[in-house]
Amino acid sequence: MIHSDKEADLPDKDRKFSTATNPENGLSSILRLLLQELSLFYSRDVNGLCLLYDLLHSPWLQALLKIYDCLQEFKEKKLAPATPYAQKLSHEVVELLCEAPQSPEIQELRQILQAPHYKALLSAHDTVAQKDFEPLLPPLPENIPESEEAMKIVCLVKNQQPLGATIKRHEMTGDILVARVIHGGLVERSGLLYAGDKLVEVNGVSVEGLDPEQVIHILAMSCGTIMFKVVPVSDPPLNSQKMVHVRAMMDYWPQEDPDIPCMDAGLPFQKGDILQIVDQNDALWWQARKISDLATCAGLIPSTHLLKRKQREFWWSQPNQPHTCHKSTLLISMEEEDDMKIDEKCVEADEETFESEELSEDKDEFVGYGQKFFIAGFRRSMRLCRRKSHLRQLHASVCHAGSCCSAVGAPYEEVVRCQRHPSDKHRLIVLVGPSGVGVNELRRQLIEFNPNYYQSAVPHTTRSPKSYEVNGREYHYVSKEEFESLIYSHRMLEYGEYKGHLYGTSVDAVQAVLDKGKICVMDLEPQDIQVARTNELKPYVIFIKPSNLSCMKQSRKNAKIITDYFVDMKFKDEDLQEMGEIAQKMEIQFGQFFDHVIVNDNLQDACAQLLSAIQNAQEEPQWVPTIWVSSDTQS
Ligand SMILES: Nc1ncnc2c1ncn2[C@@H]1O[C@H](COP(=O)(O)OP(=O)(O)OP(=O)(O)O)[C@@H](O)[C@H]1O
């Protein structure tokens with residue numbers, strides 16, 4: 001269907017120098033001449049001439065040069081259609097074939113020519129060949145008054161998708177204006193309508209005096225081509241802002257937001273979603289797309305400014321009502337119950353009993369088959385103290401929440417996609433999960449799998465070392481003053497008190513592992529994640545989640561938990577149920593910080609998932625807070 005009219009177009013001068021059109025000047029023919037010359041010297045093998053001769057004579061080089069010549073020839077040709085009416089021609093051929101004596105070949109050809117995709121191909125060919133790219137505009141209305149000179153007529157062909165623009169009524173004049181053009185929608189892609197354009201007519205119907213809803217009704221009833229008569233805005237807004245990516249730190253449901261200017265244009269999202277913000281021209285309503293669905297047009301999301309304002313208004317109007325900030329209240333009451341339950345389980349025990357339980361934990365710290373190596377950070381006191389710190393810090397977070405914004409924080413966090421450079425330190429791996437879900441089990445399995453690569457940080461304590469303990473192995477033994485100074489200088493990632501002693505993990509202890517080129521794996525209570533989220537440690541947070549109750553009952557038949565008063569205690573059904581509830585609440589409150597979620601049902605599967613998640617975190621590009629990268633560049 002397409003042929004070349006190169007010869008007809010080319011001036012004589014060009015034709016003379018074209019290697020492509022004159023095969024004698026082609027590279028392959030030059031090679032042929034060269035070979036003839038070389039053959040004269042071949043028998044004498046002057047300076048490796050034989051080698052060169054064989055090389056130039058090789059069939060693959062000859063073939064390559066021929067291909068090069070053909071491509072060169074093709075590149076210089078201009079393509080023009082043999083006929084712009086291929087569809088008609090095909091139709092004629094089909095008619096002739098009907099009259100011709102029938103044979104299997106003729107039948108097959110008819111079928112091919114009548115197949116819808118083939119017809120569509122010819123139709124596309126003809127459209128291109130006829131250069132029929134412009135939409136057919138209806139004729140301009142006659143007798144346009146001179147005052148309407150500034151108007152323009154815009155025709156859009158509506159398909160199944162919405163037009164991608166919103167309208168509003170001007171408060172003073174009552175004019176119907178284009179309020180905003182949605183990024184990626186039909187109107188934006190046409191480039192014909194802008195925010196601020198005044199609508200005069202839609203499909204010949206005057207919009208004067210109509211409500212926006214009535215105009216929308218006219219648009220909804222129209223199909224095919226829609227004609228707008230508009231007075232263009234004098235300065236069409238230019239979107240010169242660069243795209244920004246953010247992590248949503250909250251959920252948003254447009255259907256539940258009475259303030260959204262157009263509910264259908266809203267973009268629902270959940271905390272943790274990565275959003276691409278494409279338009280921030282409006283101070284209150286931004287336009288964004290989910291990174292997981294970039295093919296769709298953008299939707300409206302509330303701006304940071306609007307959300308903070310709403311949070312403040314809500315706080316002041318309903319100070320006694322539970323709201324976003326109060327989600328933690330649920331956790332607190334639950335934790336208080338938890339404490340009471342521990343009391344119920346309480347057995348009288350004296351210091352001696354605890355001493356022996358502490359000793360019995362040694363099996364947790366010396367592991368390995370045959371060769372014994374040491375894993376720090378699994379001590380019972382440390383784990384119980386961590387649980388208590390959870391309760392204490394939740395209390396503190398509510399007491400200190402002076403304003404809604406400080407409790408909730410920024411609704412969006414700016415992020416960039418970034419890959420760790422192989423020469424950079426590893427990212428800290430943080431495991432989070434409800435007590436008993438298996439965080440320590442998984443951490444231990446990981447370190448046992450490759451103790452030269454995975455390691456935990458050595459915690460600090462203010463208690464004195466026991467006779468068999470070594471400073472810097474089980475714990476770093478420090479004075480209360482030293483410990484407190486680490487807290488005040490923000491060098492403690494987590495800390496808590498247990499039986500009158502302080503326990504905690506410092507940033508420096510984590511750094512010591514990372515400095516050795518190893519991957520540091522630690523578990524944290526979810527409210528401590530934010531403390532660890534720094535450029536220094538760049539933590540990758542993995543949430544360990546229980547599976548459903550019946551699976552847990554099955555898989556945890558032989559599992560044991562540690563409590564204040566028992567070293568090993570079997571799970572009761574209530575424990576497993578409570579674990580599920582706490583996991584749910586953790587996800588609701590802290591889900592935005594989780595980079596990855598693993599359901600710990602089958603232990604082997606969960607370990608395999610953990611290994612692969614850690615590998616991805618270290619070696620694949622990930623979304624990280626922009627501030628981590630910018631502070632890297634500055635330092
Ligand atoms: N997938 C699993 N299948 C069977 N048992 C498991 C699984 N994961 C963990 N366990 C067992 O469950 C018990 C509790 O696990 P673990 O001590 O790791 O809990 P944890 O999340 O660290 O809790 P805490 O933070 O309160 O110490 C242990 O006996 C552990 O061996």
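Residues numbered from 1 in each chain as written. Predicted model: local features only at pLDDT ≥ 70, side-chain atom pairs only at ≥ 80, totals over all residues.

Naming follows an unreviewed UniProt entry, where the protein appears as MAGUK p55 subfamily member 4 of Dipodomys ordii. Recorded in UniProt for the protein, the comment headed Sequence similarities (unreviewed entry) runs: "Belongs to the MAGUK family." (UniProt positions renumbered as here; feature names shortened; annotations may be inferred.)

1. Focus: the overall build of the protein
Helix and strand counts for the protein stand at 24 helices and 27 strands. The proportion of buried residues among the 635 residues of the protein is 26%. Across the protein, every contact between residues at least 6 apart in sequence was considered, and the portion connecting residues at least 24 apart equals 66%. (Helix = DSSP H or I, 4+ residues; strand = E, 2+ residues; numbered from the N terminus. Buried ≥ 20, exposed ≤ 12 C-beta atoms within 10 Å, placed from the backbone. Contact = placed C-beta atoms within 7 Å.)

2. Quick look at the sheet that holds strand E16 (residues 429-432)
Ordered in space as E17-E22-E16-E23-E26, the five strands form an open sheet in which the pairing is parallel. Pairing within the sheet leaves two strands with one partner each, and these edge strands are strand E17 (454-455) and strand E26 (596-599). Of the pairings in the sheet, the one linking E17 to strand E22 (residues 519-523) comprises two bridges and is parallel in character. Bridge pairing links Gln455 to Cys520 in E22. Here helix H17 (residues 439-449) sits on the sheet in contact with E16, E17, E22 and strand E23 (540-545), set at roughly 165° to E22. (Pairing = 2+ DSSP bridges. Axes fitted to C-alpha atoms, helices over the stretch in contact; angles between N-to-C directions.)

3. Remarks on the sheet that holds strand E11 (residues 285-290)
Strand order in this open sheet of six strands is E12-E11-E10-E9-E15-E27, and the pairing throughout is antiparallel. Bordering the open sheet on either side are strand E12 (299-302) and strand E27 (622-625), each of which pairs with just one other strand. Strand-to-strand twist in this sheet, taken as the mean axis angle between neighbours without regard to direction, amounts to 50°. Where strand E15 (residues 412-418) and E27 come together, four bridges link them in antiparallel fashion.

4. Some thoughts on the site of the ligand
Not every one of the 18 residues close to the ligand is listed here, only the nearest: Ser435, Gly438, Asn440, Glu441 and Ala559. Where the shell around the ligand is concerned, the elements lending two or more residues are H17, strand E24 (560-561) and helix H23 (603-619). In terms of residue class, the shell around the ligand is made up of seven nonpolar, seven polar and four charged. (Near = placed C-beta within 6 Å. Nonpolar A, V, L, I, M, F, W, Y, C, P; charged D, E, K, R; others polar.)

5. Quick word on the confidence of the model for the protein
With 79% of its residues at a pLDDT of 70 or more, the protein has an overall mean of 80. Counted against residues more than four places away or in other chains, residues 1-21, with its pLDDT under 50, gives 30 contacts. Predicted confidence is poor over residues 367-371, with pLDDT under 50, and the contacts of this stretch with residues over four places away or in other chains come to six contacts. Interface predicted TM-score (ipTM) for the complex: 0.98; the corresponding pTM is 0.67. (pLDDT = per-residue confidence, 0-100.)

6. Points about the nonpolar core
Ranked by internal contacts, the top residues of the largest apolar core, which has 57 residues, are Ile429, Val430, Val510, Cys520 and Ile542. Here the element with the most residues in this core is helix H22 (residues 573-590); it accounts for six residues. Dropping the residues within four chain positions of it, Val430 is found in contact with Met522, Leu524, Ile529, Ala532, Pro539, Tyr540, Val541 and Ile542. Leu156, Ala298, Val415 and Val624 belong to the second largest nonpolar core, which has 38 residues in total. (Core = buried A, V, L, I, M, F, W, Y, C linked by C-beta atoms within 7 Å.)

7. Focus: helix H8 (residues 116-129)
With 14 residues, H8 ought to run about 20 Å at 1.5 Å a step, and its terminal C-alpha atoms sit 20 Å apart, in line with that. Looking one or two places after H8, you find Lys131, whose phi comes out positive at around 55°. (Expected span 1.5 Å × (residues − 1).)

8. With respect to the environment of Val510
For Val510, the position within the fold is in helix H19 (residues 507-515). Here the alpha-carbon distance between Val510 and Cys520, two residues ten residues apart in the chain, equals 6.4 Å. Setting aside chain neighbours within four positions, we find Val510 in contact with Leu428, Ala457, Leu493, Thr505, Cys520, Met522 and Leu537.

9. Concerning the pairing of strand E6 (residues 198-202)
Here strand E5 (residues 176-181) runs beside E6; their pairing, made up of two bridges, is antiparallel. Bridge pairing links Leu177 to Lys198 in E6. Pairing analysis gives four bridges linking E6 to strand E8 (residues 224-231), with the strands arranged antiparallel. Bridged to Val202 within E8 is Phe228.

10. With respect to the environment of Ile582
Tracing the backbone shows Ile582 in helix H22. Separated by 37 residues in sequence, Ile582 and Lys545 have C-alpha atoms that sit 9.8 Å apart.

11. Focus on the packing of H17 against H23
Where H17 contacts H23, the two axes come as close as 10 Å, and the packing angle between them is 65°. With respect to their mutual orientation, H17 and H23 come out roughly perpendicular. Along this stretch, H17 crosses H23, giving a crossing that reads as right-handed. On H23, the residues touching Leu442, Gln445 and Leu446 of H17 are Ala606, Cys607 and Leu610. Residue composition of the contact of H17 with H23, by class: five nonpolar, one polar and no charged. (Parallel < 35°, antiparallel > 145°, perpendicular 65-115°, else oblique. Left-handed = near helix turned anticlockwise from the far one by under 90°.)

12. Examining unusual backbone geometry
With a phi close to 50°, Asn203 is a non-glycine residue in the positive phi region. Asn203 gets classed as partly exposed once you count the C-beta atoms within 10 Å, which come to 14. Positive phi, close to 40°, is recorded for Lys538, a residue that is not glycine. If you trace the backbone, Lys538 turns up in the loop between helix H20 (529-532) and E23. On the basis of neighbour count, Lys538 is assigned to the buried category, with 23 C-beta atoms found within 10 Å.

13. Some points on the pairing of E11
When you tally the buried positions in E11, you get five out of six residues, the bulk of the element. With four bridges joining them, strand E10 (residues 274-279) and E11 adopt antiparallel strand pairing. Paired with Leu275 across the bridge in E11 is Lys290. With antiparallel pairing between neighbouring strands as the criterion, E10 and E11 make up a hairpin whose turn holds five residues. Here E11 pairs with E12 via four bridges, running antiparallel. Paired with Trp285 across the strands is Pro302, a residue of E12.

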